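# Fold and contact review
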Amino acid sequence: MNLIKLDAIDSTNDFLKEMSRSQIVENFTIVTAKNQTKGKGQMGATWETESGKNLIMSILVKEVLKDIDEIFHLNVAVALSVIKALEPLNLPKLSIKWPNDIMAENKKIGGILIENSFKSDNKIESIIGIGLNVNQINFDNLPKASSLCLLKEKEFDLNEVLEKLFFQIKKHCSLLLSNQHDFLWNEYHKNLFKLNTPIAFSDNENNQFMGIIQGVNYEGRLEVLLNDDSIKTFGVKEIQMLF
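Residues numbered from 1 in each chain as written. Predicted model: local features only at pLDDT ≥ 70, side-chain atom pairs only at ≥ 80, totals over all residues. Heavy atoms only, no water.

A word on the overall build of the protein. Counting its regular elements, the protein contains 5 helices and 12 strands. For the protein, the C-alpha radius of gyration of 18 Å lies close to 18 Å, the compact-globule estimate for 243 residues. By principal-axis analysis of the C-alpha atoms, the protein measures approximately 55 × 45 × 35 Å. Taking all 243 residues of the protein together, 50% fall into the buried category. Expressed as a percentage of contacts within the protein between residues at least 6 apart in sequence, the contacts between residues at least 24 apart total 61%. A total accessible area of about 12200 Å² is found for the protein, and carbon and sulfur atoms account for 47% of it. Between the centroid of the 27 positive side chains of the protein and the centroid of its 32 negative side chains there is a distance of 3 Å. (Helix = DSSP H or I, 4+ residues; strand = E, 2+ residues; numbered from the N terminus. Rg over C-alpha atoms; globule rule 2.2 N^0.38 Å. Buried < 20%, exposed > 50% of the residue type's maximum accessible area, 1.4 Å probe, protein only. Contact = heavy atoms within 4.5 Å. Areas by Shrake-Rupley, 256 points an atom, 1.4 Å probe, with all protein chains shown as cover. Lys, Arg positive; Asp, Glu negative; His and termini not counted. Charge placed at Lys NZ, Arg CZ, Asp CG, Glu CD.)

Here the focus is the packing of helix α4 (residues 158–177) against helix α5 (residues 181–190). Two elements in contact, α4 and α5, have axes separated by 8 Å at closest approach and are oriented at 130 degrees. Classified by the angle their axes make, α4 and α5 are oblique. Judged by residue contacts, His172, Leu175 and Leu176 of α4 engage His181, Phe183 and Leu184 from α5. Here the contact of α4 with α5 is built from residues that sort into 4 nonpolar, 2 polar and no charged. (Axes fitted to C-alpha atoms, helices over the stretch in contact; angles between N-to-C directions. Parallel < 35°, antiparallel > 145°, perpendicular 65-115°, else oblique. Nonpolar A, V, L, I, M, F, W, Y, C, P; charged D, E, K, R; others polar.)

Take the sheet that holds strand β2 (residues 30–36) next. The mixed open sheet is built from 7 strands, whose spatial order is β1-β2-β3-β7-β6-β5-β4. Two strands close off the open sheet at either side, each with one partner strand: β1 (3–9) and β4 (95–97). Neighbour to neighbour, the strand axes of the sheet diverge by 25 degrees on average, direction disregarded. In this fold helix α1 (residues 12–22) packs onto β1, β2, β3 (55–62), β6 (107–118) and β7 (124–132), with an angle of close to 30 degrees to the strand it touches most, β3. Packed on one face of the sheet, helix α2 (residues 71–86) meets β4, β5 (101–104), β6 and β7 and runs near 145 degrees to β6. (Pairing = 2+ DSSP bridges.)

Scanning the entire structure with this criterion turns up 7 aromatic pairs. Between the aromatic rings of phenylalanine 72 and tryptophan 185, the centroid separation amounts to 5.9 Å while the plane-to-plane angle is 35 degrees, which identifies the pairing as tilted. On the criterion of sequence distance, the pair formed by phenylalanine 72 in helix α2 and tryptophan 185 in helix α5 is long-range, its members being 113 residues apart. Like phenylalanine 72, the residue tryptophan 185 is buried in the burial classification. Taking 5.2 Å as the distance between ring centres and 65 degrees as the angle between the ring planes, the aromatic pair formed by phenylalanine 193 and phenylalanine 243 counts as edge-to-face. Taken together, the positions of phenylalanine 193 in the loop between α5 and β8 (198–203) and phenylalanine 243 in the segment after β12 (239–242) put the pair 50 residues apart, joining distant regions of the chain. Residue classification places phenylalanine 193 among the buried positions, given a relative accessible area of 4%. The rings of Phe72, Trp185, Tyr188 and Tyr218 are connected pair by pair, giving a single aromatic cluster. Seen from the ring of phenylalanine 243, lysine 144 lies directly overhead, with NZ or CZ sitting 4.5 Å from the centre. (Phe/Tyr/Trp six-rings, centres within 6.5 Å; stacked < 30°, edge-to-face > 60°. Lys NZ or Arg CZ within 6 Å of the ring centre and 35° of its normal.)

Ordered in space as β11-β10-β9-β8-β12, the 5 strands form an open sheet in which the pairing is antiparallel. The sheet is open, and its two borders are formed by β11 (231–234) and β12, each paired with just one other strand. Here the strands of the sheet are splayed against their neighbours by 50 degrees on average, with no regard to which way each runs. As defined by bridge partners, β8 adjoins β12 across 4 bridges and the pair is classed as antiparallel. The partner of serine 202 across the bridge, within β12, is glutamine 240.

In structure tokens form, the structure reads like this:
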């Protein structure tokens, strides 16, 4: 494991991205930080974390995606990697909330942000950012957040969690490379939060409606069964789950 440990950084994703621009970086290089001042989530959201308590990491993945149509396959593989790394802990109701949140007992314990860049030789490089709440116990301003420590009532070794994640990411990337997309997607749907369950949604115009999640398509769009029995697909910025 090629591991770079930092005490504090604005964003591990940005650090690794800049590093990759200025030099040749080994595939699956990892950057971790005890504290991140400008952590990023989906749609420009911030990722807040208590210094030294959680796992903050970014990993460079290249030579895995072959073309732009496979972009969301990597999201699926990475989300599954986190699930498989955490499964031995027997966390309650462990699941993937579309598109990239990791849930346990209906609370968010982790998030994933993947940033892809397209090189002049048509190759795709990906920076995978993962934030996982491990030993933090104070979430006063985040009522829908939790951590491994709160759920299991014990502290965890951050390095051990990192090693498990690293192993699973390499494993699931190798499944992508061997074109086992159907297997990955089947596993993803088995672990999808609120699959086949009636749930309230809000669209980007704040209209609320009920629907039933049917799955996610290869473009990464959420498929929802509506009250009129039609199935509509939504992009990340078009819908929000209310629960």
